[in-house]
Amino acid sequence: MQKGKIMTFDYDVIVIGGGHAGCEAAAASARVGAKTLFLTLKIDQLGEMSCNPAIGGIAKGTLVKEIDALDGLMGRVIDRAGIHYRILNQRKGPAVRGPRAQADRMRYRAAMQEELANTPNLTTIADGAEDLLVNDHNAVEGVVTASGKIYKAKAVVLTTGTFLRGLIHCGEKKIPAGRVGDAPSVGLALALERQNFDLGRLKTGTPARLDGKTINWNILEKQPGDNPPSPFSYLTDKITLPQIECGITHTNDKVHEIIRANLHRAPMYSGQIESRGPRYCPSIEDKVVRFAEKEKHQIFLEPEGLDDDTVYPNGISTSLPEEVQHDLIHSIEGLENVRIIRPGYAIEYDYVDPRELTRTFETKKVAGLFFAGQINGTTGYEEAGAQGLVAGANAALLAAGSAPFIIDRADGYTGVMIDDLITFGTSEPYRMFTSRSEYRLTLRPDNADFRLTRKGMEAGLIGAYRQSRFEAKADALDAARAAMKSVSLSPKEGEGKGIKINQDGLRRNGLELLAYPEVGFDTLQDIWPEQLNFTPDIVEQLEIEATYAGYLERQESEIRAFKREENLTIPEGFNFRALGSLSTEIKEKLTKAQPATVGAAGRIPGMTPAALSALMAHVHQYYATRSDVA
């Protein structure tokens, strides 16, 4: 390139940022068929697990299943790197179970990079994005990088993680960084300010890293994983990687005394940090203050790899000074002589009010610009990955002039998260919980493929191999349901087989019999061995459906009603202030939230049934007066 000459390159979609949101966004965009550029600071750090080397958990595991159902990467990658699998809430109902897997950090990163390298339509370049190109019509046209190159595109996806003006805190020390060893992104933060985005500050943190060779494992409780481990991906038949045990220890009075004595040096309490951290993943100093009555707090000692001695002490995230961390860690049972590889720290970063986004994660202020991950105020790999997939897919669809890909609250936890963010916004890092979903009996981890894969097929998100596997499974389940319905017993026949049911003379088919708590599939298979011969995954699906049969019918009815209301779209730029039948307070709330649908408007706090009915009437009237609207 000649000196002074600017080189430009053309793509359909540009994805910025190599974390979990960026990886899923780039892969989704490319799967849809867009010529995609993936810009990241360091290619060898793509898919880096910057904090806890684990995937899944309560509700989070369901998000991973949904990513996988849409042919995303996270489920397949963790199955190539998982070294400790557990189903959380195993004894509870299937709707609240949480698949989780501890990862080999290096294997996870390598597997993610291999998946991306083998993705058609995707070009990955190591360069930092410094500015956005936005035309006079407030539409994005590309990015300018730190190396001076200009990349043009029809859509841009920002997945900046903790890099937007990132600032690390460790005691009184303050270090500008996106994470340890990486410079923050200041140029992009300034670019967003120039476009008048509403930026705020959030905080997250991480614990120290420990040398596992110096931990006294012999005196600690061990936590084995599930045997056999249950894979995340619907395409994984079996986990072949060796599995490990984790250790469990606890804080104690001495640890708590050290923390209390040094709270004035903790950035969260000294006033050095003013932003909000994740409420449900507090630092150890937060736990000691907020739960002062507790004598101890549990710590999981999680090895970071099969060939790596580093251990992640899950439960003692902190930003206390290094010397204080040294004292408190060495006061914990089993860690008396541990070597601290790296101290814990907190990090502050910019985020954008997610109410500035549409349901596709496109920004309302700049056409063609999409946000995903922590820039939207969320926390967690799983939340970031699900957002990235939706944003990347929609960026590609927008570039192609195709209809958007929409996931609503009744489709999945991904839809719940999207609706929560764009309707309510957030003032603290948003984390997914089962309690956030009103349809959690339907939105289970076991059925994410049946909920979403066909939807993904319609959007062009699903590859041929997954499509064939899914269709074969769907056909097998349909055949199994038909077989279960083809066999039946009268109450008298059932009594002869050891099955006690109401003596009402009515015959009951296999599905109806399976709904009885005391009747398992094995019992029915013993009666009809020829007719009822299914694979374990099909049996599990039948048992769950039978368990929830009555509840699911009622919830399906609720979902149909929700869909009728949710699908009434509020026109973009609708003038809520002009609606005379609404109170000033409701008008202000609607104007601020800018809900995309009547359903979303109904979930705004303070929205009354009368106000919602009036809004529906106004929206219907709007459409009725425009001949160009069907």
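Everything here concerns the structure above.
Here we summarise the structure given alongside this text. Since the structure is predicted, the reported quantities are computational estimates derived from the model, not experimental observations. (Residues numbered from 1 in each chain as written. Predicted model: local features only at pLDDT ≥ 70, side-chain atom pairs only at ≥ 80, totals over all residues. Heavy atoms only, no water.)

Tallying secondary structure elements over the chain gives 21 helices and 22 strands in all. Here the C-alpha atoms of the chain give a radius of gyration of 26 Å, agreeing with the 25 Å that 2.2 N^0.38 yields for 630 residues. When its C-alpha atoms are laid out on the principal axes, the chain stretches across 85 × 75 × 55 Å. Of the roughly 26,900 Å² that the chain leaves accessible, carbon and sulfur atoms contribute 49%. (Helix = DSSP H or I, 4+ residues; strand = E, 2+ residues; numbered from the N terminus. Rg over C-alpha atoms; globule rule 2.2 N^0.38 Å. Areas by Shrake-Rupley, 256 points an atom, 1.4 Å probe, with all protein chains shown as cover.)

A separate point is the packing of aromatic side chains. By the definition in use, this model includes nine aromatic pairs. Consider the rings of Phe521 and Phe534, whose centres lie 5.6 Å apart with planes at 40 degrees: the pair is tilted. With a gap of 13 residues between them, Phe521 in helix H16 (residues 521–527) and Phe534 in the loop between H16 and helix H17 (536–547) connect regions that are remote in the sequence. Across this residue pair, the class does not change: Phe521 and Phe534 are buried. Consider the rings of Phe574 and Tyr622, whose centres lie 5.8 Å apart with planes at 75 degrees: the pair is edge-to-face. You can see Phe574 sitting in the loop between helix H18 (549–566) and helix H19 (584–593) and its partner Tyr622 sitting in helix H21 (residues 609–624), a full 48 residues away along the chain. Residue Phe574 is classed as buried on the basis of its relative accessible area, which comes to 11%. Taken together, Phe574, Phe576, Tyr622 and Tyr623 form an aromatic cluster joined through their ring pairs. Against the face of Tyr11 rests Lys35, its NZ or CZ located 5.1 Å from the ring centre. Over the ring of Tyr234 we find Lys65; its NZ or CZ atom is 4.9 Å from the centre of that ring. (Phe/Tyr/Trp six-rings, centres within 6.5 Å; stacked < 30°, edge-to-face > 60°. Buried < 20%, exposed > 50% of the residue type's maximum accessible area, 1.4 Å probe, protein only. Lys NZ or Arg CZ within 6 Å of the ring centre and 35° of its normal.)

Spatial ordering of the open sheet is given by E3-E5-E4, a layout of three strands whose pairing is antiparallel. Looking at which strands have only one partner, the edges of the open sheet turn out to be strand E3 (54–56) and strand E4 (82–88). Within the sheet, the average angular offset between the axes of one strand and its neighbour, ignoring direction, is 15 degrees. Relative to strand E5 (residues 98–103), E4 runs antiparallel, the two sharing six bridges. For Ile87, the partnering residue across the bridge sits in E5 and is Pro99. Across the sheet, helix H2 (residues 60–69) lies against E3 and E5, angled at about 80 degrees from E3, the strand it touches most. Its contacts with the sheet put helix H3 (residues 74–81) on E3, E4 and E5, and the angle it makes with E4 is roughly 120 degrees. (Pairing = 2+ DSSP bridges. Axes fitted to C-alpha atoms, helices over the stretch in contact; angles between N-to-C directions. Contact = heavy atoms within 4.5 Å.)

Right, let's get into the packing of helix H12 (residues 448–459) against helix H13 (residues 464–486). Orientation of H12 relative to H13, taken along the N-to-C sense of each, is 135 degrees, at an axis distance of 11 Å. Taken together, the axis directions place H12 and H13 in an arrangement best described as oblique. Here H12 and H13 pass one another in a crossing that is left-handed. Side by side, H12 and H13 meet where Asp449, Phe450, Thr453, Arg454 and Met457 of the first sit next to Gln467, Phe470, Glu471, Lys473, Ala474 and Leu477 of the second. Here the residues of the contact of H12 with H13 are counted per class, giving five nonpolar, two polar and four charged. (Parallel < 35°, antiparallel > 145°, perpendicular 65-115°, else oblique. Left-handed = near helix turned anticlockwise from the far one by under 90°. Nonpolar A, V, L, I, M, F, W, Y, C, P; charged D, E, K, R; others polar.)

A word on helix H10 (residues 381–400). With 20 residues, H10 should cover 28 Å at 1.5 Å per step; its first-to-last C-alpha distance of 28 Å lies within 8% of that length. Remark: Gly401 follows H10 within two positions and exhibits a positive phi of approximately 75 degrees. (Expected span 1.5 Å × (residues − 1).)

Now for the environment of Gly373. Tracing the backbone shows Gly373 in the loop between strand E20 (369–371) and H10. Along the primary structure Gly373 and His330 are separated by 43 residues, whereas in three dimensions their C-alpha atoms are 35 Å apart.

The next thing to look at is helix H4 (residues 105–117). For H4, spanning 13 residues, the distance from its first C-alpha to its last is 18 Å, which sits close to the expected 18 Å at 1.5 Å a residue. All of the buried residues in H4 are Arg105, Tyr108, Arg109, Ala111, Met112, Glu115 and Leu116. The arc that holds every buried residue of H4, seen down its axis, measures 165 degrees, which confines them to one face. Capping of H4 at its N-terminal end is provided by Asp104; its side-chain oxygen lies 3.2 Å from the backbone amide nitrogen of Met106. (Arc of directions from axis to C-beta. Polar contact = N/O pair within 3.5 Å; in protein donor to acceptor, adjacent residues only side chain to side chain.)

Next up on the list: the pattern of salt bridges. Overall, the coordinates contain 43 salt bridges when judged by the stated rule. As a salt-bridge pair, Asp68 and Arg466 come within 3.0 Å of each other at their nearest N and O atoms. Of this pair, Asp68 sits in helix H2 while Arg466 sits in helix H13, placing them 398 residues apart in sequence. We note that Asp68, like Arg466, is buried. (Salt bridge = Lys/Arg side-chain N within 4 Å of Asp/Glu carboxyl O.)

Reading across the sheet, the six strands line up as E14-E15-E16-E17-E13-E18 and stay open at both edges, with antiparallel pairing between neighbours. A single partner strand is all that each edge strand has here, and the edge strands are strand E14 (221–223) and strand E18 (340–342). Averaged over all pairs of adjacent strands, the angle between strand axes in this sheet comes to 35 degrees, irrespective of strand direction. For strand E15 (residues 246–250) and strand E16 (residues 298–305), the ladder comprises four bridges, and the chain directions are antiparallel. Bridge pairing in E16 places Ile248 opposite Phe300.

On to the state of the cysteines. Under the definition given, this model contains zero disulfides. Cys170 takes part in no disulfide bond, and the closest cysteine sulfur, belonging to Cys51, lies 14 Å away. In this model Cys246 remains outside any disulfide bridge; the closest cysteine sulfur is found in Cys51, 15 Å from its own. Residue classification places Cys246 among the buried positions, given a relative accessible area of 1%. (Disulfide = S-S within 2.5 Å.)

This brings us to unusual backbone geometry. In this structure, Pro228 follows Asn227 across a cis peptide bond, with omega equal to 5 degrees. Counting through the fold element by element, Pro228 comes out in the loop between E14 and E15. With a phi angle near 55 degrees, Asn138 is a residue other than glycine that sits in the positive phi range. Here Asn138 shows up in the loop between strand E7 (129–134) and strand E8 (140–145). Positive phi, close to 50 degrees, is recorded for Arg165, a residue that is not glycine. One can find Arg165 in the loop between strand E9 (150–158) and strand E10 (167–170). Judged by relative accessible area, which is 24%, Arg165 ranks as partly exposed.

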